[in-house]
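Descriptive analysis of the structure
Take a look at the letters that make up each chain.
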Amino acid sequence: MRKAMSFAGGLLLVASALRGAPGAANQPAAETAPPAVSTASATPVLEVPADQSRQKAYSHGRYALYFVNVFWGMLVLYLLLTTGLSARLRELAAGVSHRNSIVVFLYTLAFVLFTSVVSFPLDFYGGYIREKRYGFAHQTPLGWMGDWAKALAVGIVFGGIFAVVVYAVIRKFPRGYWLGASAAAILFVVFTMAVFPVFIAPLFNKFKPLQPGPLKQRLLEMAHAQRIPAREVFEVDASRQSGHTNAYVAGFLGTQRIVLYDTILKTDTPGEIFAVMGHEMGHYVLNHLWKGIALISLSILFGAWLIKTLFAPLAARHPEWGFREVSDPAGLPLILLILSVYQFVLTPADSGFSRAFEHQADAFSLEVTRDPDSLASAFRKFNTVDLSELDPPPWIEFWLYSHPSLRHRVEFCEQWKREHSGS
Ligand SMILES: [Zn+2]
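Notes on the structure follow. Residue indices follow the written sequence of each chain, beginning from 1 at its first position. Since the coordinates come from a predicted model, pLDDT governs what is reported: local features require at least 70, and pairs of side-chain atoms require 80 or more to be given and counted, while whole-chain, interface and lining totals use all residues. To get the side-chain values, take all heavy atoms of the structure and skip hydrogens and water.

The next subject is helix α4 (residues 100–133). Helix numbers and strand numbers start at the N terminus; a helix is a DSSP run of H or I with at least 4 residues, a strand a run of E with at least 2. Helices are assigned an expected span. That span is 1.5 Å times one less than the residue count. Under the 1.5 Å per step criterion, the end-to-end length of α4 is 47 Å for 34 residues, consistent within 8% with the ideal 50 Å. Where α4 ends, the next residue or the one after it, Gly135, has phi of about 85°, a positive value.

Within soluble globular proteins, side chains that are nonpolar generally end up buried alongside one another. The nonpolar core is taken to be a set of buried Ala, Val, Leu, Ile, Met, Phe, Trp, Tyr and Cys residues, with the residues joined through side-chain atoms within 4.5 Å. For each residue, the accessible area found with a 1.4 Å probe, counting protein chains only, is set against the maximum for its type, and the residue is called buried under 20%, exposed over 50%, and partly exposed in between. Grouped together as the largest cluster of nonpolar side chains are 72 residues, with contacts concentrated most on Phe111, Ile307, Phe311 and Phe323. Going through the elements one at a time, α2 (53–82), α3 (85–96), α4, α5 (141–172), α6 (177–204), α10 (288–317), α11 (332–369) and α13 (394–400) are the ones with two or more residues in this core. It is α6 that contributes the most residues to this core, 13 residues altogether. Two residues form a contact once any of their heavy atoms are found within 4.5 Å. Those residues within four positions of Phe311 in sequence are excluded, and the remaining contacts are Leu306, Phe323, Arg324, Glu325, Val326, Gly331, Leu334, Ile335 and Ile338. The next biggest cluster of nonpolar side chains, apart from the first, holds 20 residues, and it includes Leu210, Leu215, Met222 and Val276.

This brings us to a nonpolar patch on the surface. Where nonpolar side chains cluster on the molecular surface, the patch consists of Val68, Trp72, Leu75, Tyr78 and Leu79 and spans about 440 Å² of accessible area. Mapped onto the elements of the fold, Tyr78 is located in helix α2. With a relative accessible area of 42%, Tyr78 lands in the partly exposed category. Patches here: salt-bridge-free residues with over 30% relative accessible area, like charges joined within 9 Å, nonpolar side chains (Val, Leu, Ile, Met, Phe, Trp, Tyr) joined within 5 Å. Reported accessibility uses the Shrake-Rupley method at a 1.4 Å probe radius. Residues are deemed covered only where the shown protein chains occlude them. Put simply, a salt bridge is a Lys or Arg side-chain nitrogen that is within 4 Å of an Asp or Glu carboxyl oxygen.

Turning our eyes to something else, we now look at the coordination of the zinc ion. Here the coordinating atoms are restricted to nitrogen, oxygen and sulfur within 2.8 Å of the metal centre, or 3.2 Å for Na, K and Ca, and because water is not among them the sites may look incomplete. The zinc ion binds to the protein through His279 (NE2), His283 (NE2) and Glu358 (OE), with metal-donor distances spanning 2.0 to 2.1 Å. One chain supplies every donor to the zinc ion, and in sequence these donors are spaced H-x3-H-x74-E. Here His279 and its partner His283 are both found in helix α9 (residues 270–285), 4 residues apart, which amounts to about one turn of the helix.

Turning to the layout of surface pockets, a few remarks are in order. A 1.4 Å probe that fits into a set of points on a 1 Å grid over the protein atoms alone but cannot get out defines a cavity; an open set with protein on both sides within 12 Å along at least five of seven lines defines a pocket, and lining residues are those with an atom within 4 Å of a point. Grid points are joined across faces, edges and corners, and a volume is the space filled by probe spheres set on the points. What the largest pocket holds in volume is close to 190 Å³. Every residue lining the largest pocket is counted, 14 residues in all, and those nearest its centre are Tyr177, Ala312, Arg324, Glu325 and Val326. Those elements that place two or more of their residues in the lining of the largest pocket are α5 and α10. At 6 residues, the largest contribution of residues to the lining of the largest pocket is made by α10. When residues are grouped by polarity, Ala, Val, Leu, Ile, Met, Phe, Trp, Tyr, Cys and Pro land in nonpolar, Asp, Glu, Lys and Arg in charged, and all others, Gly among them, in polar. Residue composition of the lining of the largest pocket, grouped by class: 9 nonpolar, 1 polar and 4 charged. If you add up the space inside the second largest pocket, you get close to 150 Å³. Looking at side-chain class alone, the lining of the second largest pocket contains 5 nonpolar, 3 polar and 3 charged residues.

Okay, structure coming up:
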């Protein structure tokens with residue numbers, strides 16, 4: 001289950017689709033890095049290398065990059081307003097056509113291109129240079145940029161269509177637009193989650209059925225025992241981009257897919273893979289997708305209400321920004337700036353809900369596999385292979401961690417083992 005499915009992550013998803021950055025490369029502690037490690041021997045011992053300096057350096061750099069990215073994004077939006085550039089982009093778009101929907105689409109196109117280009121150095125540093133330094137990135141710089149450009153194109157198409165719909169709703173319902181726009185945003189999130197595994201992910205990677213064998217058979221048996229409608233287990237060539245490991249059950253409304261990274265097939269034993277997939281299936285069976293959508297919907301509604309409340313007074317106070325009405329696409333940076341601040345303040349709540357879901361999925365995995373040693377040793381590999389930190393600073397775990405820290409997850413495995421020993 002990916003970070004984008006969590007609470008306010010929905011807003012982030014909408015905003016990042018607009019910015020043409022569907023990749024979560026900049027988000028620390030995303031699903032790609034579910035930390036946790038140990039082994040559940042009779043005496044609980046955290047069997048991780050004593051020297052954790054690489055893990056610390058890698059993780060701490062990601063936290064710092066997260067904050068730099070957040071504030072850089074806000075600064076770019078603010079500068080688009082104060083320099084009058086946003087109003088000028090809208091004038092250029094209005095010079096091409098008098099049709100509102102075309103003006104909105106052209107404005108959004110220019111906006112996404114501009115914000116993506118000024119964020120490129122940070123994206124490239126965090127998503128490629130740093131990943132290469134730690135041995136994760138497998139692509140050439142050009143290959144990485146090709147994926148970046150593809151993500152930008154997807155962002156322009158999705159963001160452009162979404163913006164045209166939302167601005168049409170705003171023009172049609174000048175008073176109650178925030179409710180209509182929220183409905184459109186929620187539908188957009190649901191639509192994106194449904195099409196992601198089947199139509200978007202294959203743009204970046206090849207998916208092929210896992211080769212037949214005991215591993216595949218047991219995974220399908222596990223899925224069917226949990227009533228997950230899966231006929232196939234997919235292997236994705238994630239090693240094309242990176243050495244990071246992951247697995248997920250994504251999609252719904254007929255697009256459900258069980259996916260294993262080819263990297264995890266190389267690094268993890270079958271027992272560890274069953275434990276990880278037990279966790280992923282837990283998300284599915286425990287309806288975390290629908291619960292996540294419910295939370296995202298609440299978050300979107302409140303964000304839209306904030307825009308309704310703050311947009312007009314702020315625009316009236318700054319005539320130099322060159323727009324007054326929320327229906328004017330030149331105000332898009334102000335809308336996104338309000339949402340960015342809101343999203344940032346909401347991050348600890350978002351992470352907290354996510355950690356609760358992740359903990360439930362860990363517990364589910366143990367109930368299904370009854371193999372705490374394998375789950376703990378899978379967590380251990382997130383420390384040794386993915387360089388996830390064992391003990392993040394508590395405020396970082398509180399603010400950013402979508403998963404409980406590695407130590408907390410391992411301790412849970414050990415506790416579960418103690419409580420079920422002899423049974
Ligand atoms: Zn998870």
